[in-house]
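Structural characterization, general
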Amino acid sequence: MKKLFRLFFIFPLILSCAKKEQKNVLTLWHVGSEEEAQIIKNLADKYFTPESGISVVCESVSWSEAHTKYLTAIAGEVLPDLGTMGLTWASEFGYKGAMVELYERFPADVETLKKNIFKSIWESAELKGKVYGIPFDLTVQLLYYRSDIISKPPQTWQQLTEVLKNLNAQNKSMMIAWGSLDWIGFSPFLWQAGGDYYNKEGTKSIINSEEAKTALKFFADLYKKYNVPRSAENFGAGFRSGEYPLGMCGNWLINSFPYEMPELEGKWSIGLLPKGPSGKRTSFIGGRVIGIFKTSKNIDKAFEFIKFLSKPQIQKEIYIEVAKTKNIYLPPNVNIWKDLPIKEEFKKVLFEQIKEAKGPPSVLGWDDSTKYVVEAIQNVIVADKSVEEELKKCEEKLTQHIIK
Amino acid sequence: MKKRKKFKKHLISYLFILPAFLILSIFVFIPVVASFFLSFTEYDGISPPKVVGLKNYVDILFHDRLFWKAVINTVYYVIFTVPIGIACSLAVAMALYQKIRFSALFRTGFFLPTVTSVAAISVVWRWIYSGDRYGLLNYILTKLGVLAVLQDWLMQPSTTLPAIIVMSIWGGVGYNTIILLAGLQSIPDSVLEAAKIDGATPWERFWYVILPMLKPVMLFLVIMSTINSFQVFEQVYIMASTTEYFGGVLYSALTIVPYLYERAFKRFLLGYASALAYLLFAIIFMITLIYMKVSKFYEQ
C-alpha cells in the first residue's frame, strides 16, 4: 500500500517540482502542423541547445483553435515562453498587454532583423512603431495557370477579362481559391486599383474612394459576368480537370500539386497577379510572426531563439525539411532567397510578388471591422446592392471601429 | 431525530449520487450561475469583469441587428425542422410497425445518422451541397434534368438555411422514430382489435386510436426537438462558415448559438455572450411553458 502511495502520489509530485526548476527550457507554441513543430524542435536540438545549453519544447496548435487557445491562455496566465501566431495577432495580444514589446527591449537587434526582412510583411507586423512579433514565414497570393490551356497568363485586368471571356466560351472559368467572397480575395484588387482601407496615419477609413469603387465593381464582375464560382473548395479538382485552368490562391499549393497531380508535370505554372489601373500588381501577403509572452521568465533567451530562427542557414533548413512534408515554408529573410532550392521559374515569381504585396492593415480595430468589408462585398455580389452605397456604409463603420 | 435516521438510511444512496453531483456542479451548475452574473458585466477574459447592469441586454434587444437576424433564422429553422421532422418520423415509424420484412435492417439504417456525430454528417453534406459539377446534389439533379443551372447551395442566401434544414430533418428522423416505435408498441393490441371489429378503417384507426394514444410520446418529442432545434450549432458552424465570415453568406443561416459562440469565443465578449445565452434560455423556457399549457388544455 505504501509503495503504491509513493508511486501514485509522491513520484509525480517530485516530477512536477523538478520541471519547475528547469530554467534552461523554452516552451514554444507553434501554430501549424505537428510536422513543422517537430522540424523546429529538431533544428533546436541540433544547433541551438549545444551552443546555448537551452533546450526547446515545441508544441503544435492547429490554426482553427489557435486564436481562442491563446486568448484563453492569456486570461489564465498559462502561457509558453514563445509562440508563433497569425500576422495581426501579436499586435492584438500586445495591445492587451500580454506580449513583450521587442523594439523597446532589443532595439539594435530588431533593427538588424528588420533590415533583412521583406518590407511588405514587416509593415503588417509593426503597429505604430511597436513590434510584438518578428515575421516567421510568409504566404502570398499568386496566379496559378495551366500552361497547356492558357498560353500566356494575363498581365493586366484588361487581359484577365479577355482570357476569362475565352474560357467562358469553352465552359471554363477561374477560381478565387483564397478568400472567395471575402476581404482577402478582394484586397489585391483594391490595392491594384490604387485604393486602400485606411489613410496612411490609420486615423480614418478611405474605402469609399473612386479607386475602391472601380475595384469592387471589377471584383463583382468576375463573379457576375465571368462565372467565377462563389465557393472555391474544389480548386484542386477543377484545376486538374481543366475546367478551372486559372486560379488565384496562396503559395501553399506549389509543393503539393506535384504530388496530387503528377500527370500535369510541366503543364502548369505560377504567375504574378495582373496589373490594375494603377499599374501595380499588389498581392495579399499573410504569414506568421513569433513573439515572446510577458509571463516568460526567460525573455532574453527566448529572444536568442527568435534570432536563431531568423538565421539564413536555419530558414533554409526549415524550407528543405518542410518541403519533404509536401508543404512549403517561405522565409521572410530576403538574403536567403538566392540559396533556396525552389524551381528558378517559381522563385522569380514568388520573389517579385512578395516584394509587391501588402498584408492586412496594421490598424487596431481592423479584426473587428473585417465583417463590414465582407458584408459590403457580399451585398454587392450576392444581393445586387449598389457599390456606392455599400462602400459609403462600410467607410463609416470602419472609421467608427478604429481603436485610438 | 427522525430526519437524522432517514439521512442515515439513505447515506449509501447519497454517496452514489455524490460523484455525478460533484461533476455536474463543477461543469454545469456553477458555470450556469456564474454566467448569469457575467451577463451583467463587460468581460473579455483578461481584465476583471466590469459591472454594467442591464447594458448587455439592452444592447442585444435594441441595437443588435445580428441578434434579431439570428432569432428570425432560428425560428424559421424550428418551424420547419420540428413538424416536418416529426411527421417524417411518424411515417417511418408506422411503416416499420407493420412488421415488414427486413424491418431490423431498416430500423438500423434510419438510426445510423443518430449515432454518427453531427460534425461528421455536416462535412459529408457540405460535399453533397457543394457548387459546380463537384457537388453530389447538383450532379444528380442535372443528370435527372431537373436542374438547368448549377446551384451553389451553401453560397446563396435563399438556399443556405433550407439546405441545412433538410439535412437536420434527415439526421433527426432516426431518434424520433425509435421513440415513436416504442410508443406504438406500448399500445395494447386489444384496443386496436376492438376498433377493427367495430369496423374502423385503417385511416380511422390511425387518426382516432393510435394518434391519441401516442400523445404523451409526441409531446415529449415536440418539446425535445424544439429545444434541440433552438440550439442548432454544428450544422451552421461547419456548413455555412469560413474563417472570415460565419453563418453563411450575408448571415443567411446565422442562428442564435453560432452567434453566441462567435461573440464568446472569437471576440471574447463573454458578458455579452452570457446575456445572449440567458435570452435564449428565456425563449426556450417560454415556449416549453406554452407547450405544457396547450397540452394540458387538450387533456381536459
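No experiment lies behind these values; they were computed from the predicted model shown.

1. A few points about the overall build of chain B
Looking only at helices and strands, chain B has 14 helices and 2 strands in total. With the C-alpha coordinates of chain B rotated into their principal frame, the extents come out at 80 × 75 × 35 Å. Each of the 300 residues in chain B was classed as buried or not, and the buried ones make up 29%. Partitioning the contacts of chain B with sequence separation of at least 6, the portion at a separation of at least 24 is 68%.

2. Some remarks on the overall build of chain A
Along chain A, the regular secondary structure elements total 17 helices and 11 strands. Here the C-alpha radius of gyration of chain A, 23 Å, is about what a compact globule of 404 residues would show, namely 22 Å. Summarising its shape, the C-alpha atoms of chain A cover approximately 80 × 50 × 50 Å along the three principal directions.

3. Here we look at the interface of chain A and chain B
Each side of the interface is counted separately: chain A has 24 residues, and chain B has 18 residues. Among the secondary structure elements, those contributing two or more residues to the side of chain A that touches chain B are helix 3 (63–76), helix 9 (183–192) and helix 16 (366–381) of chain A. With 6 residues, the single largest contributor to the side of chain A that touches chain B is helix 16 of chain A.

4. Quick look at unusual backbone geometry
All names here are of chain A. Despite not being glycine, N171 has its phi angle at roughly 65°, a positive value. Within the secondary structure, N171 sits in the loop between helix 8 (157–169) and strand 7 (174–176). In the Ramachandran plot, D384 falls in the positive-phi region, its phi being about 55° despite a non-glycine side chain.

5. Side note on the environment of E321(A)
All names here are of chain A. Relative to the helices and strands, E321 is located in helix 14 (residues 312–324). According to the C-beta neighbour criterion, E321 is partly exposed, with 18 such atoms within 10 Å. C-alpha separation for the pair E321 and L43, spaced 278 residues apart in sequence, amounts to 9.9 Å.

6. Things to note about the confidence of the model for chain B
Residues with a pLDDT of 70 or more make up 99% of chain B, whose mean pLDDT is 91. Interface confidence for the predicted complex, given as ipTM, is 0.83, next to a pTM of 0.87.

7. Points about the pairing of strand 2 (residues 55–61) of chain A
Residues and elements named next belong to chain A. Pairing between strand 1 (residues 25–31) and strand 2: 7 bridges, direction parallel. Counted as the bridge partner of L26 is V56 from strand 2. Between the parallel pair strand 1 and strand 2, the chain is carried across by helix 2 (residues 34–52), and the sense of this crossover is right-handed.

Basis of the calculations
- Residues numbered from 1 in each chain as written.
- Chains lettered and ligands numbered in written order.
- Predicted model: local features only at pLDDT ≥ 70, side-chain atom pairs only at ≥ 80, totals over all residues.
- Helix = DSSP H or I, 4+ residues; strand = E, 2+ residues; numbered from the N terminus.
- Buried ≥ 20, exposed ≤ 12 C-beta atoms within 10 Å, placed from the backbone.
- Contact = placed C-beta atoms within 7 Å.
- Rg over C-alpha atoms; globule rule 2.2 N^0.38 Å.
- pLDDT = per-residue confidence, 0-100.
- Pairing = 2+ DSSP bridges.
- Right-handed = clockwise from strand over helix to strand, strands pointing away.

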